[in-house]
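Coordinates in review
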Amino acid sequence: LFDALADQAAIAIERIQLVADVERARLAAEADRLRTALLSSISHDLKTPLAGILGAAGTLNDYAPSLPETDRTELVSTIIEESERLHRFIGNLLDMTRLESGATQPNASLHFPGDIVGSALRRASRMLSRHRVDVALPSDLPMLKVDAVLFEQVVFNLLDNAAKYAPPASTIAIQGWRDGGHVLLRVVDEGPGIPPDDLERVFDSFYRVRKTDHVPAGTGLGLSICRGFVEAMGGTITAANRTDRPGAVFTIRLPIPSQTDSVKGPS
Ligand code: ADP
């Protein structure tokens with residue numbers, strides 16, 4: 001009996017090892033695939049704006065004196081816009097690295113949500129120039145204990161996405177309200193929205209929804225940075241779709257610090 005049991009145990013161990021080997025090989029292949037996808041995505045995101053900058057700068061260099069003023073202005077705008085895109089992309093990569101290495105520690109102090117939204121809007125003004133922006137923040141929103149730099153980056157990333165995925169001339173709304181002990185801030189757009197199965201996954205690093213032929217350039221990092229920063233400040237961020245028409249809704253929820261419950265915002 002003992003020998004029979006020992007044989008069975010040996011067979012079971014062999015099977016487990018086989019399954020483990022297959023699983024290990026699958027994980028290694030998956031890691032390889034992710035690394036390759038990541039490298040090709042990053043190379044693409046660096047190359048596309050650089051190609052635009054080089055092309056425009058080359059044309060200016062070769063033909064500037066004979067070009068009409070409007071063409072020159074357009075080429076200079078391309079150089080500025082593409083450089084800003086590169087700058088944002090590299091900024092996102094750096095934010096992500098800092099977040100993952102634990103080097104980003106929130107430096108919290110009291111701020112009115114409206115002030116943070118205002119500075120994010122100013123920073124995003126160029127990329128929002130083709131959209132209508134509708135800000136609805138009540139004047140009595142209480143102050144929040146947040147890191148102004150991180151919070152502004154979160155709002156900026158959400159506005160960046162809304163401008164990227166929603167068509168020109170559509171409206172991007174920023175809404176805020178108080179819900180008990182929390183302040184909620186929402187960025188709502190009129191773009192295609194997000195497939196229901198992807199609503200949670202869009203916050204994963206490097207995750208991008210690919211459902212159309214034309215996907216705007218991006219890294220799949222913006223929203224994971226948003227979630228990392230919001231959670232570092234003690235809040236939550238969620239994605240949803242509009243119910244009245246196509247469009248995405250991102251909601252940030254941050255706790256109101258108890259000692260400032262009665263502090264009111266400027267009118
Ligand atoms: P990126 O925009 O660089 O791809 P993000 O992490 O900011 O990375 O977003 C992840 C994915 O979520 C995007 O690739 C896009 O598919 C989807 N997404 C984000 N914001 C929106 C939006 N406002 N409307 C529709 N899809 C969006």
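Conventions used here
- Residues numbered from 1 in each chain as written.
- Predicted model: local features only at pLDDT ≥ 70, side-chain atom pairs only at ≥ 80, totals over all residues.
- Heavy atoms only, no water.
- Near = heavy atom within 4 Å.
- Polar contact = N/O pair within 3.5 Å; in protein donor to acceptor, adjacent residues only side chain to side chain.
- Helix = DSSP H or I, 4+ residues; strand = E, 2+ residues; numbered from the N terminus.
- Buried < 20%, exposed > 50% of the residue type's maximum accessible area, 1.4 Å probe, protein only.
- Contact = heavy atoms within 4.5 Å.
- 1 Å grid on protein atoms, 1.4 Å probe; cavity = no way out; pocket = protein on both sides within 12 Å on 5 of 7 lines; lining within 4 Å.
- Points joined across faces, edges and corners; volume = space filled by probe spheres on them.
- Nonpolar A, V, L, I, M, F, W, Y, C, P; charged D, E, K, R; others polar.
- Salt bridge = Lys/Arg side-chain N within 4 Å of Asp/Glu carboxyl O.
- Pairing = 2+ DSSP bridges.
- Axes fitted to C-alpha atoms, helices over the stretch in contact; angles between N-to-C directions.
- Parallel < 35°, antiparallel > 145°, perpendicular 65-115°, else oblique.
- Left-handed = near helix turned anticlockwise from the far one by under 90°.

In the annotation of an unreviewed UniProt entry, the entry for the protein reads histidine kinase, and the organism field reads Pleomorphomonas diazotrophica.

Once that is clear, we can look at the site of the ligand. Around the ligand there are 18 residues in total, and Asn161, Tyr165, Asp189, Arg208 and Thr219 lie nearest to it. At 2.9 Å from an oxygen atom of the ligand is found a side-chain nitrogen or oxygen belonging to Lys164. Residue Leu223 places a main-chain N or O atom 2.8 Å away from an oxygen atom belonging to the ligand. Of all elements in the fold, only helix 4 (148–165), helix 5 (222–232) and strand 7 (248–255) reach the threshold of two or more residues within the shell around the ligand. Counting residues per element, the shell around the ligand draws most heavily on helix 4, at three residues.

All right, on to the side chain of Glu82 then. Here Glu82 shows up in helix 2 (residues 69–100). Looking at Glu82, the relative accessible area reads 14%, which means it is buried. Excluding anything up to four places from it in sequence, Glu82 contacts Thr48, Pro49, Gly52 and Ile53.

A separate point is the environment of Leu184. Looking at the element boundaries, Leu184 is found in strand 5 (residues 182–188). Residues Leu184 and Tyr207 lie 23 residues apart in sequence; the distance between their C-alpha atoms is 25 Å. The contacts of Leu184, once residues within four sequence positions are left out, are Gln175, Gly176, Trp177, Asp179, Thr251, Ile252 and Arg253.

To locate leftover empty space, one rolls a probe as large as a water molecule over the atoms. Under the definition given, this model contains one cavity of 30 Å³ or more. In terms of lining residues, the largest cavity is bounded by Val117, Val155, Leu158, Ile174, Leu185, Arg186, Val187 and Ile252. Every element with two or more residues in the lining of the largest cavity is listed here: helix 4 and strand 5. By residue number, the principal contributor to the lining of the largest cavity is strand 5, which donates three residues. Classifying every residue of the lining of the largest cavity gives seven nonpolar, no polar and one charged.

Considering all chains together, one arrives at 14 salt bridges under this definition. Among the ionic pairs, Glu231 bridges to Arg227, the shortest N-O distance being 4.0 Å. Residue Glu231 and its partner Arg227 are both found in helix 5; the two are separated by four residues, about one turn of the helix.

Okay, unusual backbone geometry next. Of note in the backbone geometry, Ala169 takes a positive phi value of approximately 75° without being a glycine. Inspection of the secondary structure assignment puts Ala169 in the loop between helix 4 and strand 4 (171–179). For Ala169, a relative accessible area of 49% translates into the label partly exposed.

Strands sit in the order 2-4-5-7-6 across an open sheet of five strands; the sheet is mixed. In the strand order of this sheet, the two ends are held by strand 2 (132–136) and strand 6 (236–241), each with one partner. Here the average twist between neighbouring strands, direction ignored, is 15°. One ladder, built from seven bridges, connects strand 4 with strand 5; its direction is antiparallel.

Once that is clear, we can look at the packing of helix 2 against helix 4. Running from amino to carboxyl end, helix 2 crosses helix 4 at an angle of 135°, the nearest separation of the two axes being 13 Å. In terms of orientation, helix 2 lies oblique with respect to helix 4. Remark: the crossing between helix 2 and helix 4 carries left-handed chirality. Contacts between helix 2 and helix 4 pair Arg88, Asn92 and Asp95 from the former with Gln153, Phe156, Asn157 and Asp160 from the latter. A breakdown of the residues in the contact of helix 2 with helix 4 according to their chemical character gives one nonpolar, three polar and three charged.

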